[in-house]
Amino acid sequence: SVALSCRSDSSSTGYNPTNTTSKWRGGVFAYQGTALSARINVYGTSTDWLISNPIDLGATPGLYRLRFDGSLNEYNSTTPSTTLQTFKVEVIVSTNGGLTWDPTNIVRTYTGTTIPRLNEIIYLTNYSGVVKFAFRVQSTSASPGHDIHLYIDNFVVEELPSCLEASNVTTSNI
């Protein structure tokens with residue numbers, strides 16, 4: 001896995017994080033077990049970033065994927081939250097070591113009810129060289145009222161396996 005560093009951009013809603021403070025902290029994933037994960041208390045109107053260290057994807061695009069677990073819970077609770085309310089979470093790639101973050105490099109966006117619990121895989125089809133990844137959490141309203149915890153854990157950038165895992169497997173007539 002790759003260590004993540006914390007960054008914040010609470011002074012603007014743009015794509016250039018400038019502050020080195022953040023609401024991201026360590027916390028037990030979804031208040032279950034004892035292993036720590038990245039956690040943010042999502043409230044207010046700030047834009048907060050969780051940014052990876054540089055990761056070398058090699059010279060050939062499309063040989064890697066990003067995997068992580070996510071959870072959205074009610075504030076200080078094991079109860080899954082059913083909605084992001086007025087918040088948006090983006091997974092974005094910087095192709096120049098974090099100097100800039102271009103919205104065209106957003107590889108996944110979560111809004112509404114798309115996070116309660118997930119084991120995410122994002123194929124990095126168009127990326128090579130040294131990159132950074134970020135989770136960008138932003139309010140889409142001037143007066144968000146919901147208070148939730150978002151967790152990110154098991155962040156891994158890995159080569160594509162030679163045989164992909166089966167998904168959506170069903171059985172019948174057994």
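Keep in mind that what you see is a predicted model, and the values were worked out from it rather than measured. (Residues numbered from 1 in each chain as written. Predicted model: local features only at pLDDT ≥ 70, side-chain atom pairs only at ≥ 80, totals over all residues. Heavy atoms only, no water.)

Undergrad: What exactly am I supposed to notice about the packing of aromatic side chains here?
TA: Two numbers describe a pair of aromatic rings. These are the distance of the centres and the angle of the planes. Under the definition given, this model contains six aromatic pairs. Ring centres of Tyr15 and Trp49 lie 6.4 Å apart, and the angle between their planes is 90 degrees; on these two criteria the pair is classed as edge-to-face. Within this pair, whereas Tyr15 is found in the loop between β1 (4-9) and β2 (24-28), its partner Trp49 is found in strand β4 (residues 47-52), the two being separated by 34 residues in sequence. Across the pair, exposure class does not vary: Tyr15 and Trp49 are buried alike. On the numbers, 6.1 Å between centres and 70 degrees between planes, the contact of Phe133 with Phe155 is edge-to-face. Highlighted residues: Phe133 in strand β10 (residues 130-139) and Phe155 in strand β11 (residues 148-159), separated in sequence by 22 residues. Classification of Phe133 as buried rests on a relative accessible area of 1%. Following the ring pairs from residue to residue traces out a cluster consisting of Phe68, Phe133, Phe135 and Phe155. Between the NZ or CZ atom of Arg136 and the centre of the ring of Tyr15, over which it lies, the distance is 3.8 Å. (Phe/Tyr/Trp six-rings, centres within 6.5 Å; stacked < 30°, edge-to-face > 60°. Helix = DSSP H or I, 4+ residues; strand = E, 2+ residues; numbered from the N terminus. Buried < 20%, exposed > 50% of the residue type's maximum accessible area, 1.4 Å probe, protein only. Lys NZ or Arg CZ within 6 Å of the ring centre and 35° of its normal.)

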